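# Geometric and topological summary
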There are 2 protein chains.
Amino acid sequence: MEKLNDIIFYSIEKSIKAYRQFAQKNISKAGIEITIDQWLVLKTIEEDNSISQKDIAHKTFKDVASITRIIELLVQKGYLSRNLKSEDRRRFDLTLTNEGNVIIEKMQPYIQINRSQALKNITNEEIMNLQSTLLKIISNIN
Amino acid sequence: MEKLNDIIFYSIEKSIKAYRQFAQKNISKAGIEITIDQWLVLKTIEEDNSISQKDIAHKTFKDVASITRIIELLVQKGYLSRNLKSEDRRRFDLTLTNEGNVIIEKMQPYIQINRSQALKNITNEEIMNLQSTLLKIISNIN
DNA sequence: TTTATTTAATTGACATATCAATTATATTTG
DNA sequence: CAAATATAATTGATATGTCAATTAAATAAA
């Protein structure tokens, strides 16, 4: 009978968990006070500041409920400002504050280092194959 | 500048999240009242009923604190019994109840179906490559 | 053997995930 | 236009993840 360890989904889970812990540890060690998830949401807003919370959720593979709460924390921390949109009062204008921009800048080198360390000695071809197989899995279950 | 979407870690995260949602939905739809995480812990105990909570945590890539809480829920639900070990009173004897065994049995076909649907049209070679690249990533960050 | 150290598990605090219900607003339809 | 429907976001409840502090027991060291 197959053991849990043999299952590919365990490797996928293990790799992403290990990467998250590794990345978060490096960020915290650098004295940057933000979680990877908060950064991810902030970065998504930076890339498109007219995006809706629903679309942020979709883009980050999170739930809209989680996005509401993460945005709340980002506002509390002073990285983000949030105001009702006049055109559609169900939605919000989300804008990075100066501090928000600063922290995105500050994170950049760590993100790079984390990624390159995690992918050390792995060829482009391997990455492309990895990506392609993962996309197959994703499309199989949608 | 690279967009979030291009990053391989997003595909890894997306695939595992999609798989978990897909699997959980199928289980719930079948009227089985257990979470994937609870099942995972129960299955781990079934495979080795002398395992410590610390080792369950290690094996499932979870935190010992989470294991404590998940075990509590499994006991509450009547799937697991927990008694102090006489040899080492810091530890517990964890044993599946009849109901626990029944639910593991009941889950089995769904687990199989979920896995085979997710891996449909993906060759063994691809899976092996996926596994091997993921293991490289894991070892790079440990 | 008493004390110090290590180990296993728990607990508290906070962040995030998920689902269902709710609120507020916008859009569609009769 | 008024009523019905759809959409965006929030909120509550429960589960899990993570870290730090704590408790209880076992083991090692003085």
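In this numbering scheme, every chain counts its residues from 1 along its sequence in written order. In the order they appear in the text, chains get letters beginning with A and ligands get numbers beginning with 1. In keeping with the predicted nature of the model, local features appear solely for residues at pLDDT of at least 70, side-chain atom pairs appear and are counted solely at 80 or more, and the whole-chain, interface and lining totals rest on all residues.

The name given to chain A in an unreviewed UniProt entry is DNA-binding MarR family transcriptional regulator, with Flavobacterium granuli as the source organism.

The next subject is the overall build of chain A. Along its length, chain A carries six helices and two strands. Counting from the N terminus, the helices are the DSSP runs of H or I reaching at least four residues and the strands are the DSSP runs of E reaching at least two. Going from the N terminus to the C terminus, chain A shows its helices and strands as α-α-α-α-β-β-α-α. Dimensions of chain A along its principal axes, counting C-alpha atoms only, are 60 × 35 × 30 Å. Taking all 142 residues of chain A together, 25% fall into the buried category. With C-beta atoms placed from the backbone, a residue is labelled by how many other C-beta atoms lie within 10 Å of its own: buried for 20 or more, exposed for 12 or fewer, partly exposed between the two.

A few words on the protein's contact with DNA strand D. Around DNA strand D sit 27 residues in total, of which Ala65(A), Thr68(A), Asp37(B), Ala65(B) and Ser66(B) are the nearest. Taken together, the elements giving at least two residues each to the surface near DNA strand D come down to helix H1 (8-29), helix H3 (53-60) and helix H4 (64-76) of chain A together with helix H2 (36-47) and helix H4 (64-76) of chain B. For this classification, Asp, Glu, Lys and Arg are treated as charged, while Ala, Val, Leu, Ile, Met, Phe, Trp, Tyr, Cys and Pro are nonpolar and the rest, including Gly, are polar. The residue makeup of the surface near DNA strand D, split by class, is six nonpolar, eight polar and 13 charged. Whether a residue is near a molecule or strand depends on its C-beta atom, placed from the backbone, lying within 6 Å of it.

Looking now at the interface of chain B and chain A. With 38 residues of chain B at the contact, the number on the chain A side is 38 residues. When residues of the side of chain B that touches chain A are traced back to their parent elements, those giving at least two are helix H1 (8-29), H2, helix H5 (98-118) and helix H6 (124-140) of chain B. Taken together, the residues of the side of chain B that touches chain A break down into 19 nonpolar, 10 polar and nine charged. Here contacts are defined at the residue level, using C-beta atoms placed from the backbone and a cut-off of 7 Å between them.

With that settled, the discussion passes to the relation of the copies chain B and chain A. Copy-to-copy superposition: least squares on the C-alpha atoms, limited to residues that have pLDDT of at least 70 in both copies. When chain B is fitted to chain A, the best match, at an RMSD of 0.1 Å, comes from turning it 180° and sliding it 0.0 Å along the axis. Seen this way, the second copy is the image of the first under a two-fold rotation axis. The position closest to the rotation axis in chain B is occupied by the C-alpha of Leu130(B), lying 2.8 Å away. With an isologous cut-off of 70% or more, the 100% of interface residues of chain B that recur at the interface of chain A puts this contact in the isologous class.

A few words on the nonpolar core. One broad trend across soluble globular proteins is that nonpolar side chains are buried collectively. Buried Ala, Val, Leu, Ile, Met, Phe, Trp, Tyr and Cys residues form a nonpolar core when they are connected through C-beta atoms within 7 Å. Counting 37 residues, the largest nonpolar core has Val41(A), Leu42(A), Leu74(A) and Leu80(A) as its most contacted members. Setting aside residues up to four positions removed in sequence, Leu74(A) forms contacts with Gln38(A), Val41(A), Leu42(A), Tyr79(A) and Leu80(A).

What surrounds DNA strand C is a group of 27 residues, the closest being Asp37(A), Ala65(A), Ser66(A), Ala65(B) and Thr68(B). Of all the secondary structure elements, the ones that give two or more residues to the surface near DNA strand C are helix H2 (36-47) and H4 of chain A together with H1, helix H3 (53-60) and H4 of chain B. By residue class, the composition of the surface near DNA strand C is six nonpolar, eight polar and 13 charged.

So, on to the packing of helix H6 (residues 124-140) of chain A against H6(B). The contact between H6(A) and H6(B) brings their axes to 9 Å, and the two run at 120°. When the axes of H6(A) and H6(B) are compared, the pair comes out oblique. Handedness of the crossing formed by H6(A) with H6(B): left-handed. On H6(B), the residues that touch Glu126(A), Asn129(A), Leu130(A) and Thr133(A) of H6(A) are Glu126(B), Asn129(B), Leu130(B) and Thr133(B). Here an angle of 0 to 180 degrees is reported between the N-to-C directions of two axes, which are lines fitted to C-alpha atoms, with helices fitted over the stretch in contact. Oblique is the label for any angle not under 35 degrees, not over 145, and not in the 65 to 115 range, which are roughly parallel, roughly antiparallel and roughly perpendicular in turn. Left-handed describes a crossing in which the near helix is turned anticlockwise from the far one by less than a right angle; the clockwise case is right-handed.

Let us look at unusual backbone geometry. Leave glycine aside and you will find that most residues have negative phi; peptide bonds, for their part, are mostly trans. In this model, Asn121(A) sits at a positive phi of 60°, which is unusual for a non-glycine residue. Looking at the secondary structure, you find Asn121(A) in the loop between helix H5 (98-118) and H6. Positive phi values are uncommon outside glycine, yet Phe61(B) reaches one of about 60°. Residue class for Phe61(B) comes out partly exposed when judged on the 15 C-beta atoms lying within 10 Å of it.

Contact pair H6(A) / H1(B): the axes reach a minimum separation of 9 Å and the direction vectors enclose 25°. On the basis of the axis angle, H6(A) is roughly parallel to H1(B). Regarding H6(A) and H1(B), the two cross each other, and that crossing is left-handed. Where H6(A) abuts H1(B), its residues Ile127(A), Leu130(A), Gln131(A), Leu134(A), Leu135(A), Ile137(A) and Ile138(A) lie against Ile8(B), Ser11(B), Ile12(B), Lys14(B), Ser15(B), Ala18(B) and Tyr19(B).

Turning our attention to the environment of Thr97(A). Residue and element names in this part refer to chain A. Position of Thr 97 relative to the elements: it lies in the loop between strand S2 (92-96) and H5. Taking the C-alpha atoms as reference points, Thr 97 and Glu 33, 64 residues apart in sequence, are found 16 Å from one another. Look past the residues within four positions of Thr 97 in its chain and what remains in contact with it is Gly 78, Tyr 79, Leu 80 and Ser 81.

Moving on: H4(A). The α-helix advances 3.6 residues per turn, and as a result positions three or four apart in sequence lie on the same side. All names here are of chain A. A helix is expected to reach a length of 1.5 Å times the quantity of its residues less one. With 13 residues, H4 ought to run about 18 Å at 1.5 Å a step, and its terminal C-alpha atoms sit 18 Å apart, in line with that. If you check which residues of H4 are buried, you get Ile 67, Ile 70, Ile 71 and Leu 74. All buried residues of H4 fall inside an arc of 105° around its axis, so they share one side. Opposite the packed face of H4, turned more than 90 degrees from it, sit the exposed residues Ala 65, Thr 68, Arg 69, Glu 72 and Gln 76. Check the buried side of H4 and you find it contacts H2, H3 and strand S1 (80-84). Within two residues after H4, Gly 78 carries a phi angle of roughly 80°, on the positive side. This arc corresponds to the set of directions leading from the helix axis out to the C-beta atoms.

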